[in-house]
Amino acid sequence: MVDDADDVRTTPRLLGRLGPGLVTGAADDDPSGIATYSQVGAQFGYALSWTMLFSFPLMAAIQAVAARIGCVTGRGIAANLRRHYPRPLLAVVVLMLAIANIFNLGADLGAMAAAVELLIGGPGLLYTVLFGIACALAEIFISYSRYARLLKWATLSLFAYVAVVLSVGVPWGEALKALVVPQMSFDRSTMVALVAVLGTTISPYLFFWQAAQETEELRRRHVKALCLTPATAGPELARIRDDTLVGMGVSNLIALFIILATAATLHSAGVTQIDTAAQAAEALRPVAGPFAFALFAIGIIATGMLAVPVLAGSVAYAVSELFAWRTGLDRPPAEAKLFYGTIALATLAGIVVNVVGLDPIRALYWSAVLNGLLAAPVMAVTMVIAMNPRVMGRLTLPPLLIVGGWLATAVMAAASLGFLLL
């Protein structure tokens, strides 16, 4: 991408401080995530809404660690692994990340196409192809500064789910009680739902993306990696903290509203089984009316347009850093052909998942399996990198992030083990 002179100075002050963290958090509420949260709300009502409060500090801590690695070292997670740790470890991590993201890409593109079918009819497969092409072309050919702003403003689409909640009747007393007073049954279905929520909320591709975007921001603003100027790092680390807290807060808030919306409508109407985001939208039509249905469906499309480039981009960063290729959305395509080629191939592979007729539920299942296997080890490696003075210089993790990051890692390890045993 060619740099663009126009920048965030034209945006409001607060929004100008937000960027990689906000986009990363919003991308977590992709169509596959919407399907998970919809199923939780439909099956359990408000009972598991507390998981959004529980997962927020864990998600914020590990994403802040990932962002700190990118900003302090000027390199992404995979590049730091390549420089300081055994190459086979990196190769396994990148391979699993790529496969998981391709399945997730396929499921998200399919969900976006299904939402358009619900709204206007027409050939779903054609919509899938068009969405994939549009996302890839935008990521490759729009200038980075403009593209970053587009992604940032696209996060506003998430508030379609706030509008859905406001358009249906929610018993707020019951909902707020369930939010702050955890309800937990230790039966298999509840444990599966808990693992699914954690696996959807804390995903490895988000670590790679946010770290890489922090390196992009350094280049865009012509700022040195913080390890080279540790004495002046305070304001930048404060920006990362605020950006990450807001981004993960928005992500979990929207997930909560999706749970509330489906609990107030589908669960109350006895609809307890949802397999895809499009099914959730369709089920809302007779229960909550055409307005809520349309908002939900439009939200699926908009969040997909945000998430698909993040999924493809995180693969491209990881693969390019594995092979030491030139990376960066701020570079023209001619200067980073292999990087942009990987974006195109990852998106194409997501389209192929739909063309070959792979069941989107099965695609999501295998994506969840791989993410479950990958999350805890990648989080552990991320923590080790961020605590290593050889990598981070004087800016290793403060005690609060050490505790938060390792706690998040332990919780994800337990969730991953639970997923495999359930």
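What comes next is a walk through the structure. (Residues numbered from 1 in each chain as written. Predicted model: local features only at pLDDT ≥ 70, side-chain atom pairs only at ≥ 80, totals over all residues. Heavy atoms only, no water.)

**Overview of the overall build of the protein**
Along the protein, the regular secondary structure elements total 19 helices and 0 strands. Relative to the globule expectation of 22 Å for 422 residues, the C-alpha radius of gyration of the protein, 20 Å, shows essentially globular dimensions. Taken along the three principal axes of its C-alpha coordinates, the protein extends 60 × 45 × 45 Å. Across the 422 residues that make up the protein, the buried fraction comes to 58%. Partitioning the intrachain contacts of the protein with sequence separation of at least 6 by distance along the chain shows that 83% fall at a separation of at least 24. Split by element, the accessible area of the protein, about 16200 Å² in all, is 69% carbon and sulfur. (Helix = DSSP H or I, 4+ residues; strand = E, 2+ residues; numbered from the N terminus. Rg over C-alpha atoms; globule rule 2.2 N^0.38 Å. Buried < 20%, exposed > 50% of the residue type's maximum accessible area, 1.4 Å probe, protein only. Contact = heavy atoms within 4.5 Å. Areas by Shrake-Rupley, 256 points an atom, 1.4 Å probe, with all protein chains shown as cover.)

**Here we look at empty space enclosed by the protein**
If you walk through the whole model with that rule in mind, you get 1 cavity of 30 Å³ or more. Reported here for the largest cavity is a volume of approximately 40 Å³. Along the walls of the largest cavity sit Ile77, Leu81, Val93, Phe208, Pro377, Val378, Val381 and Thr382, which together make up its complete lining. Broken down by secondary-structure element, the contributors of at least two residues to the lining of the largest cavity are α5 (77–84) and α17 (360–386). Considering each element in turn, the lining of the largest cavity owes the most residues, 4 residues, to α17. Split by residue class, the lining of the largest cavity holds 7 nonpolar, 1 polar and no charged. (1 Å grid on protein atoms, 1.4 Å probe; cavity = no way out; pocket = protein on both sides within 12 Å on 5 of 7 lines; lining within 4 Å. Points joined across faces, edges and corners; volume = space filled by probe spheres on them. Nonpolar A, V, L, I, M, F, W, Y, C, P; charged D, E, K, R; others polar.)

**Description of a nonpolar patch on the surface**
A grouping of Leu125, Leu345, Leu348, Val352, Val355 and Val356 is seen on the molecular surface, where their side chains present a nonpolar patch of about 550 Å² in accessible area. By relative accessible area, which is 47% here, valine 355 ends up partly exposed. (Patch = residues over 30% accessible without salt bridge, like charges linked within 9 Å, V, L, I, M, F, W, Y side chains within 5 Å. Salt bridge = Lys/Arg side-chain N within 4 Å of Asp/Glu carboxyl O.)

**Looking at the environment of threonine 347**
Tracing the chain through its elements places threonine 347 in helix α16 (residues 337–355). Taking the C-alpha atoms as reference points, threonine 347 and valine 308, separated by 39 residues in sequence, lie 7.8 Å from one another. The contact partners of threonine 347, leaving out residues within four places of it in the chain, are Leu105, Leu109, Gly132, Ala136 and Ala312.

**Quick word on the packing of aromatic side chains**
Overall, the coordinates contain 6 aromatic pairs when judged by the stated rule. Geometrically, the ring pair formed by tyrosine 161 and phenylalanine 296 is edge-to-face, given 4.9 Å between the ring centres and 80° between the ring planes. With tyrosine 161 in helix α9 (residues 160–167) and phenylalanine 296 in helix α15 (residues 290–322), the pair connects residues that are 135 residues apart, well separated along the chain. For the pair formed by tyrosine 161 and phenylalanine 296, the shared burial category is buried. With centroids separated by 5.2 Å and ring planes inclined at 70°, the aromatic side chains of phenylalanine 339 and tyrosine 340 adopt a geometry described as edge-to-face. For the pair formed by phenylalanine 339 and tyrosine 340, the shared burial category is buried. Its guanidinium or amino end placed over the ring of phenylalanine 293, arginine 285 lies 3.8 Å from that ring's centre, counting from NZ or CZ. (Phe/Tyr/Trp six-rings, centres within 6.5 Å; stacked < 30°, edge-to-face > 60°. Lys NZ or Arg CZ within 6 Å of the ring centre and 35° of its normal.)

**Regarding the pattern of salt bridges**
Here the structure, examined in full by the defined rule, presents 9 salt bridges. A salt bridge links arginine 239 to glutamate 236; its shortest N-O distance comes to 2.9 Å. With arginine 239 and glutamate 236 both in helix α13 (residues 234–267) and 3 residues apart, the pair spans about one turn of that helix. Considered together, arginine 239 and glutamate 236 belong to a single accessibility category, that of buried residues.

**Digging into helix α4 (residues 50–73)**
Here α4 is 24 residues long and its end C-alpha atoms lie 36 Å apart, about the 34 Å a rise of 1.5 Å per residue gives. If you look at α4, its biggest bend is around 30°, right at phenylalanine 56, and the proline proline 57 turns up within four residues after that. In terms of burial, α4 is a largely internal element, 20 of the 24 residues being buried. Just beyond α4, the residue with positive phi is glycine 74, at close to 75°. (Expected span 1.5 Å × (residues − 1). Bend = angle between axes of the 7 residues up to and from the residue.)

**Examining the packing of α9 against α13**
As a packed pair, α9 and α13 sit with axes 9 Å apart at the nearest point and diverge in direction by 30°. In this structure, α9 meets α13 at a crossing whose hand is left-handed. Judged by residue contacts, Tyr161, Val162, Val164 and Val165 of α9 engage Ile254, Phe257, Ile258, Leu260 and Ala261 from α13. (Axes fitted to C-alpha atoms, helices over the stretch in contact; angles between N-to-C directions. Left-handed = near helix turned anticlockwise from the far one by under 90°.)

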